[in-house]
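Descriptive analysis of the structure
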Amino acid sequence: MAAPVAGLCAQPELEPEPEPEPEPGAGAMGLTALPGELLELILCSVALGAADIGRVSCTCRRLRDACAPRGKVWRERFRLRWPSLLKYYSQTDGVNWLEEYKARHNAGLEARRIVSSFSKRFFSEHVPCDGFSDIETLGCPSHFFEDELMSILNMEGRKGLTWKYYAKKILYFLRQQNILKNLKEYLQRPVDQQSFLEGEVLVIPEVELQRQVLDAMNCVLYEQLKYKGNEMDYYNSLNSYIHQVLIRRTGIPISLSILYLTIARQLGVKLEPVNFPSHFLLRWRQGKEGSTDIFDYTYIDAFGKGKQLTVKECEYLIGHHVTEEFYGVVTSKEVLQRMVGNLLNLGKRESTDQSYQLLRDSLDLYLAMYPDNVQHLMLQARLYFHLGIWPEKVLDILQHIQALDPSQHGAVGYLVQHTLEHIERRKEEVGPEVKHRSDEKHKDVCFSIGLIMKHKRYGYNCVIYGWDPTCMMGHEWIRNMNVHSLPHGPHQPFYNVLVEDGSCRYAAQENLEYNTEPHEIPHPDIGRYFSEFTGTHYLANTELEMRYPEDLELTCAAVQKNYSSSKE
């Protein structure tokens, strides 16, 4: 049983004392004298809180019965507080609404406790995979926890930015875990049940009628709804997500083929996926059922507006001849493998936080399908090692690789040694560096944390989240960025800034100036460093303020000097 909600009175176990009889001639009618329906209506009022209902239910038997745990009053209290959760209950269920209210209330407290702890624990690093261990052992329904996270994300205004940042991280993790769970359950089904559609569909037997259906599909999809292949931004990862294909009406061959195949099957036309090299296709049977002759099929290019192709035209599409095996149908698992493989390749193309996250997520999906694939296990170990996260997990992966393929002992041994060194260094780490503006060595620093700035040369808008009295990057970076060409070179303050395009940069003081029209910076990491946007500047969260304890006063003074006169 869940712990009682603060301020709620638990339902009494013992019989209450008999009620005193009202004195003759008493004037006003009490609650207990009202008809049941009217009493329920009053107790369901939005003016009353859960604590009020708890106290009312402790007064006498009549009101206790009116506030029964499985009754309308507590159901209405639950609905008013968390309306989106009612979809998880059946109308016929005998739900104990008081206990559900307590459980949801306690889940909310636990969610907020965990979210509030993340900034202190993970401010100096990205949240590692093992950082979510508290969430994996929740003692409440996951949808209660997710509902509280959504309520944090939906908080109005420009406050609570750090809470929203970590709530989003946790929600992402929970949904990723749910995807992996569903994928594993899907892969455990027999192959003939691993379809793109759930349930049965009608199959139209006549080829000519099927052709009319496909023609109508092409007209609606490509002419009316304007779906098209994304030739201009082919390597955008959004092209691989079906929900984004539906929103943006563009994609790559494999994602558009899945959409096309799904609609066709619902309309009675059986199409099959073809793992054609470099360009995913569908095939439509023209000859006898079960034919292995590749010339008995018409091939459909969903990326090319549903164009129907012959075998020879398929080869023209990619510019070279291929053997018959590439025209064969593939299973749902093989389609998934190719889609995840596309995401893996996209994740490898760049070295940004977003690409690393994509690589991590797609590796999780791939290894859910092929848990003993040594090549991808090694990639996962190297990725975690490179990012400096979850070294204990790296050791587990390397041990698994060694058991699967002893010939990998050289690479495994190298990573094991350096991972153990990383674990030892982490144990020796001291607290964060604190930078006081009053120190003599910081006298040349002109700007402070939270100010909205503009880059003089490149014109981008940004917010400062850190600074150094001189350039702290290595010689190679200084040479590559041509820092010595600046009038003050590397011997001037440099600032860590979050840029509105989503990037993080290190800018020289002489290249920055106050933004004359300060506005919010739409950067995904803004909540990691700041708790609120005031309209002119950002307020550092607790962790950032600890590292720059004297900056707030200087930021407020700069805002007062630069923006107060313009508003007047």
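In what follows, the accompanying structure is described.

Another point: the environment of Lys 456. Checked against the element boundaries, Lys 456 lands in the loop between β7 (452–455) and β8 (461–468). The exposure class assigned to Lys 456 is partly exposed, which follows from its relative accessible area of 48%. On a C-alpha basis, the gap between Lys 456 and Asn 511 in space is 5.2 Å, while along the polypeptide they are 55 residues apart. Within the structure, Lys 456 has its side chain in polar contact with the backbone oxygen of Glu 510 (distance 3.2 Å).

So, about the sheet that holds strand β10 (residues 504–508). Read across the sheet, five strands follow the order β10-β9-β8-β7-β11 without closing on themselves; strand pairing throughout is antiparallel. With partners counted over all chains shown, the strands left at the sheet margins are β10 and β11 (512–514), one partner each. Each neighbouring strand pair of the sheet contributes to a mean axis angle of 50°, computed without reference to strand direction. The pairing of β7 with β8 spans three bridges and is classified as antiparallel. Bridging across to β8, Met 453 finds its partner in Cys 462.

So, about the packing of helix α2 (residues 50–57) against helix α4 (residues 72–81). At a closest axis distance of 11 Å, the pairing of α2 and α4 adopts a crossing angle of 165°. Considering the angle they form, α2 stands roughly antiparallel to α4. Remark: the crossing between α2 and α4 carries left-handed chirality. Contacts from Ala 50, Ile 53 and Gly 54 of α2 reach α4 at Val 73, Trp 74 and Arg 77. Residue classes in the contact of α2 with α4 are distributed as four nonpolar, one polar and one charged.

On to the pattern of salt bridges, then. Pairing between side chains becomes possible if they bear opposite charge and their charged atoms approach one another. For the structure shown, the criterion picks out 18 salt bridges. Here Arg 158 ties to Glu 520 by a salt bridge, and the two come within 3.3 Å at their closest N and O atoms. A residue pair is termed long-range when its members are at least 10 positions apart, and Arg 158 in the loop between α7 (142–153) and α8 (161–187) and Glu 520 in the loop between β11 and α19 (526–529) qualify at 362 residues. Relative accessible area serves as the criterion here: at 37%, Glu 520 is assigned to the partly exposed category. In the salt-bridge network here, residues are joined through shared partners; they are Arg 104, Arg 112, Asp 147 and Glu 148.

A word on the packing of aromatic side chains. Within this structure, the stated rule accounts for 23 aromatic pairs. With 4.8 Å between their ring centres and 85° between their planes, Tyr 165 and Tyr 166 make a pair best called edge-to-face. On the accessibility criterion, Tyr 166 (1% relative accessible area) is buried. Between Phe 447 and Tyr 514 the ring centres are 5.2 Å apart and the planes differ by 80°, which places this aromatic pair in the edge-to-face class. Within this pair, whereas Phe 447 is found in the loop between α17 (409–428) and β7, its partner Tyr 514 is found in strand β11, the two being separated by 67 residues in sequence. Here Tyr 514 falls in the partly exposed class, since its relative accessible area comes to 26%. In textbook terms, an aromatic cluster arises when at least three aromatic residues are bridged by ring pairs, as seen for Trp 74, Phe 78, Trp 82, Tyr 89, Trp 97, Tyr 101 and Phe 144. Just above the ring of Tyr 297 sits the side chain of Arg 283; from NZ or CZ to the centre is 3.9 Å. Against the face of Trp 467 rests Arg 437, its NZ or CZ located 5.7 Å from the ring centre.

Further remarks concern the sheet that holds strand β5 (residues 297–301). With respect to topology, four strands assemble into an open sheet ordered β3-β4-β5-β6, the strand pairing being antiparallel. Every interior strand has two partners, whereas the edge strands, β3 (271–274) and β6 (307–309), have only one. Pairs of neighbouring strands in the sheet enclose a mean axial angle of 35°, with direction left out of account. Note: β5 against β6, three bridges, orientation antiparallel. Pairing of Tyr 299 across the sheet is with Leu 309, part of β6.

With that settled, consider the packing of helix α16 (residues 391–404) against α17. Where α16 meets α17, the closest approach of the two axes is 10 Å, and the angle between their N-to-C directions is 160°. Here α16 is positioned roughly antiparallel relative to α17, judged by the angle of their axes. Handedness of the α16/α17 crossing: left-handed. Side by side, α16 and α17 meet where Pro 391, Glu 392, Val 394, Leu 395, Leu 398, Ile 401 and Gln 402 of the first sit next to His 409, Val 412, Leu 415, Val 416, Thr 419, Leu 420, His 422, Ile 423 and Arg 426 of the second. In terms of residue class, the contact of α16 with α17 is built from ten nonpolar, four polar and two charged.

Cut-offs and rules
- Residues numbered from 1 in each chain as written.
- Predicted model: local features only at pLDDT ≥ 70, side-chain atom pairs only at ≥ 80, totals over all residues.
- Heavy atoms only, no water.
- Helix = DSSP H or I, 4+ residues; strand = E, 2+ residues; numbered from the N terminus.
- Buried < 20%, exposed > 50% of the residue type's maximum accessible area, 1.4 Å probe, protein only.
- Polar contact = N/O pair within 3.5 Å; in protein donor to acceptor, adjacent residues only side chain to side chain.
- Pairing = 2+ DSSP bridges.
- Axes fitted to C-alpha atoms, helices over the stretch in contact; angles between N-to-C directions.
- Parallel < 35°, antiparallel > 145°, perpendicular 65-115°, else oblique.
- Left-handed = near helix turned anticlockwise from the far one by under 90°.
- Contact = heavy atoms within 4.5 Å.
- Nonpolar A, V, L, I, M, F, W, Y, C, P; charged D, E, K, R; others polar.
- Salt bridge = Lys/Arg side-chain N within 4 Å of Asp/Glu carboxyl O.
- Phe/Tyr/Trp six-rings, centres within 6.5 Å; stacked < 30°, edge-to-face > 60°.
- Lys NZ or Arg CZ within 6 Å of the ring centre and 35° of its normal.

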